[in-house]
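One-letter residues, chain by chain:
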Amino acid sequence: MKRAPTLVDVASQAGVSYATVDRVINGRGAVAEKSRASVLKAVADLGYVRNVAAANLAQRRIYRFCFVIPEGTNTFFDRVCTILRNAHPPAGTDRVQIAIERVAAFDPAALAHCLTKLAQIDVDGVALVGISGAGVDDAIAALRAKGVAVLAMISDMPAAQRDAYIGIDNATAGRTAGGLIVLAHGGRAGRVLPIIGAITAHDHAERLAGLRETLAPTTLTTAPLVEGRDRHDVVEARLRAVLAADPQITAIYSAGAGNAGLIRVIAALPADRPRPVIVLHELVAHNRAALEAGLIDIVIDQRPEEEITRTLALLRSLADRHPLPDAPLIVPAIYIRENLPSTRAPSEGPAT
């Protein structure tokens with residue numbers, strides 16, 4: 001079997017020293033233009049392919065990636081942070097340092113401020129949860145102008161603003177929730193209450209749009225939207241008021257978090273009131289317990305372990321200046337009480 005060409009072969013073909021080839025291939029140090037051209041021609045003639053992992057080990061390179069994650073009482077994002085803290089690169093290959101920055105949820109100014117600070121330090125890639133708002137676009141543009149890869153994770157943003165998106169198709173998730181609610185009604189009329197964190201969150205807005213699209217041609221109507229800011233206390237108070245004022249609610253779709261508050265309201269419903277059909281997102285501890293107890297019906301889980309694995313791989317690829325690889329959408333898992341995984345997810349903290 002013919003062996004792969006090495007830097008020694010490239011140096012011999014180009015008629016230059018090994019050190020010159022090393023400087024050209026790895027982009028460090030000054031090299032005369034004539035010598036650079038000879039090296040690049042030799043690389044093309046020989047079909048030399050740079051071993052990025054070996055080069056990184058030789059240079060003792062450390063990848064510095066930052067994940068910007070909303071903070072608050074959303075246990076899903078606590079779960080994401082736990083997965084990130086446990087993430088390790090493959091043994092013997094690239095070394096990765098992962099920093100986690102928590103910013104106030106649904107606060108574009110806080111996100112923009114964080115991204116602006118990141119543009120002033122040495123960072124190879126940033127992954128963030130996309131939201132809309134003044135200042136965010138400019139802060140992302142400043143990072144990308146420095147050559148920093150920027151990925152949207154979990155919640156997308158306009159394609160021109162980021163390098164790629166890793167996550168589920170949130171509009172499809174909303175349509176899926178709507179289809180399941182339609183099936184549960186079996187052709188009967190009903191009234192569906194949507195709950196989101198905030199309309200400025202792209203994932204929540206897309207899920208809501210998908211739900212409405214699916215319900216539009218059916219006999220089901222949509223109740224006024226509840227924005228719970230992903231806070232269990234806000235969701236609990238607002239849902240309790242809605243159910244007291246509107247006895248026609250037959251289904252609830254919660255596209256965001258704060259579902260511990262929702263579960264408390266449902267658990268306290270009077271025995272003579274039929275429980276609405278309920279679809280939630282994310283298999284965090286309290287959602288799983290509610291599914292097991294029969295307080296809710298369906299959980300759509302976006303598989304954050306897979307999202308983080310793919311995000312880290314893509315950040316490394318972009319940091320190495322490889323062409324952007326395909327980034328297929330994550331296929332979510334749909335859980336009912338009968339198909340729950342046999343083992344519980346790691347603790348995400350108290351139900352909030």
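Note: the structure precedes this text.
Computed from a prediction, not measured in an experiment: that's the story for all the values here. All residue numbers refer to position in the chain's written sequence, counted from 1. Local features in this predicted model are restricted to residues of pLDDT 70 or higher, and side-chain atom pairs are both shown and tallied only at a pLDDT of 80 or more, whereas totals for entire chains, interfaces and linings draw on every residue. To obtain the side-chain values, all non-hydrogen atoms of the structure were used and water was disregarded.

### Notes on the packing of helix α8 (residues 170-185) against helix α9 (residues 202-215)
Step number 1: Throughout, an axis means a line fitted to C-alpha atoms (over the contacting stretch in the case of helices), and angles, computed between N-to-C directions, take values from 0 to 180 degrees. Counting from the N terminus, the helices are DSSP H or I runs at least four residues long and the strands are E runs at least two residues long. It is the contact of α8 with α9, at a shortest axis distance of 6 Å, that shows an interaxial angle of 40 degrees. Classified by the angle between their axes, α8 and α9 sit oblique to one another. For α8 against α9, the interelement crossing comes out right-handed. When α8 is examined against α9, the residues Asn170, Ala171, Gly174, Arg175, Gly178, Gly179, Ile181 and Val182 are found in contact with a partner set consisting of Asp203, Glu206, Arg207, Gly210, Leu211, Glu213, Thr214 and Leu215.
Step number 2: Charged residues are taken to be Asp, Glu, Lys and Arg, nonpolar residues to be Ala, Val, Leu, Ile, Met, Phe, Trp, Tyr, Cys and Pro, and polar residues to be all remaining types, Gly included. Broken down by class, the residue content of the contact of α8 with α9 amounts to 5 nonpolar, 6 polar and 5 charged. Angle categories are assigned with fixed cut-offs, so that under 35 degrees is roughly parallel, over 145 is roughly antiparallel, 65 to 115 is roughly perpendicular, and the rest are oblique. For any helix crossing, the convention is left-handed if the near helix is rotated counterclockwise from the far helix by under a right angle, and right-handed if that rotation is clockwise. Residue contacts follow a heavy-atom distance rule, with two residues in contact if any of their heavy atoms lie within 4.5 Å.

### Looking at the pairing of strand β3 (residues 125-128)
Step number 1: Remark: exposure states derive from per-residue accessible area (1.4 Å probe, protein chains only) relative to the maximum for the residue type, with buried under 20%, exposed over 50%, and partly exposed in between. Burial of the side chains of β3 extends over both faces: Gly125 and Ala127 are buried on one face and Val126 and Leu128 on the other.
Step number 2: Between any two strands, pairing holds if DSSP finds at least two bridges. Pairing between strand β1 (residues 62-71) and β3: 4 bridges, direction parallel. Its bridge partner being in β3, phenylalanine 67 is matched across the sheet by alanine 127.
Step number 3: Relative to strand β4 (residues 149-153), β3 runs parallel, the two being bridged by 4 bridges. When the sheet's bridge partners are listed, leucine 128 is paired in β4 with alanine 152.
Step number 4: Note that the unit made of β3, helix α7 (residues 136-145) and β4 has a crossover that is right-handed. Whether a crossover is right-handed comes down to one check: with the strands pointing away from the viewer, does the path from the first strand over the helix to the second run clockwise; if it does, it is right-handed.

### Quick word on the packing of aromatic side chains
Step number 1: Each Phe, Tyr or Trp ring (for Trp, its six-membered ring) is paired with any other whose centre lies within 6.5 Å, and the angle between the two planes then decides the class: stacked below 30 degrees, edge-to-face above 60, tilted in between. Evaluation of the coordinates by the stated rule reveals 2 aromatic pairs.
Step number 2: Relative to phenylalanine 65, the ring of tyrosine 63 lies with its centre 5.7 Å away and its plane at 35 degrees, an arrangement referred to as tilted.
Step number 3: Relative accessible area serves as the criterion here: at 1%, phenylalanine 65 is assigned to the buried category.

### Some thoughts on the side chain of serine 254
Step number 1: With respect to the helices and strands, serine 254 occurs in strand β9 (residues 249-254).
Step number 2: Take serine 254: its relative accessible area is 1%, and that puts it in the buried class.
Step number 3: Within polar-contact distance, the side chain of serine 254 engages the side chain of asparagine 259 at 2.6 Å.
Step number 4: Excluding its chain neighbours within four sequence positions, the residues that come into contact with serine 254 are Ile195, Asn259, Leu262, Val279, Leu280 and His281. Pairing of N or O atoms within 3.5 Å defines a polar contact, subject to two protein rules: one partner must be a possible hydrogen donor and the other a possible acceptor, and residues neighboring in sequence count only if both atoms are side-chain atoms.

### Re helix α13 (residues 304-319)
Step number 1: Between its terminal C-alpha atoms α13 stretches 22 Å, which fits the 22 Å expected from 16 residues at 1.5 Å a residue.
Step number 2: Along α13, the residues that are buried comprise Pro304, Glu307, Ile308, Thr311, Leu312, Leu314, Leu315, Arg316, Ser317, Leu318 and Ala319.
Step number 3: A positive backbone phi angle near 65 degrees is found at arginine 321, which sits one or two residues after α13. Given a helix with a known number of residues, its expected span is that number minus one, times 1.5 Å.

### Some details on the packing of helix α2 (residues 18-26) against helix α3 (residues 33-46)
Step number 1: At a closest axis distance of 10 Å, the pairing of α2 and α3 adopts a crossing angle of 80 degrees. Our classification of the angle between α2 and α3 gives roughly perpendicular. Counted together, Thr20, Val21, Val24 and Ile25 of α2 and Ser35, Arg36, Val39, Leu40 and Val43 of α3 form the full contact between these two elements.
Step number 2: Its residues assigned to classes, the contact of α2 with α3 shows 6 nonpolar, 2 polar and 1 charged.

### Overview of the sheet that holds strand β5 (residues 164-166)
The strands making up a sheet are joined through hydrogen bonds of the backbone, oriented either antiparallel or parallel.
Step number 1: One open sheet holds the 5 strands; their spatial order is β2-β1-β3-β4-β5, and the pairing between them is parallel. Where the open sheet ends on each side, the last strands, each with one partner, are β2 (95-104) and β5. For this sheet, the mean inter-axis angle between neighbouring strands, taken without regard to orientation, is 25 degrees.
Step number 2: In the packing of helix α5 (residues 75-85) onto the sheet, contacts are made with β1, β2 and β4, and the angle to β2 comes to roughly 160 degrees.

### Points about unusual backbone geometry
Step number 1: Residue phenylalanine 106 is not a glycine yet carries a positive backbone phi of 60 degrees.
Step number 2: Along the chain, phenylalanine 106 turns up in the loop between β2 and α6 (108-118).
Step number 3: On the accessibility criterion, phenylalanine 106 (14% relative accessible area) is buried.
Step number 4: Positive phi values are uncommon outside glycine, yet glutamate 282 reaches one of about 80 degrees.
Step number 5: Structurally, the position occupied by glutamate 282 is in the loop between β10 (277-281) and α12 (285-292).
Step number 6: Here glutamate 282 falls in the buried class, since its relative accessible area comes to 6%.

### So, the pattern of salt bridges
Step number 1: By salt bridge we mean one thing: a side-chain nitrogen of Lys or Arg within 4 Å of a carboxyl oxygen of Asp or Glu. All chains considered together, the criterion is met by 16 salt bridges.
Step number 2: Close ionic contact of arginine 207 with glutamate 282 constitutes a salt bridge, the shortest N to O distance being 4.0 Å. In this pair, arginine 207 sits in helix α9 while glutamate 282 sits in the loop between β10 and α12, placing the two residues 75 residues apart along the sequence. Taken individually, arginine 207 and glutamate 282 each receive the classification buried, so the pair is uniform in this respect.
Step number 3: For the salt bridge of glutamate 292 with arginine 288, the shortest nitrogen-to-oxygen distance reads 3.2 Å. A residue pair is termed a helical-turn pair when its members lie 3 or 4 positions apart in one helix, as glutamate 292 and arginine 288 do in helix α12 at 4 residues.
Step number 4: Residue classification places arginine 288 among the buried positions, given a relative accessible area of 7%.

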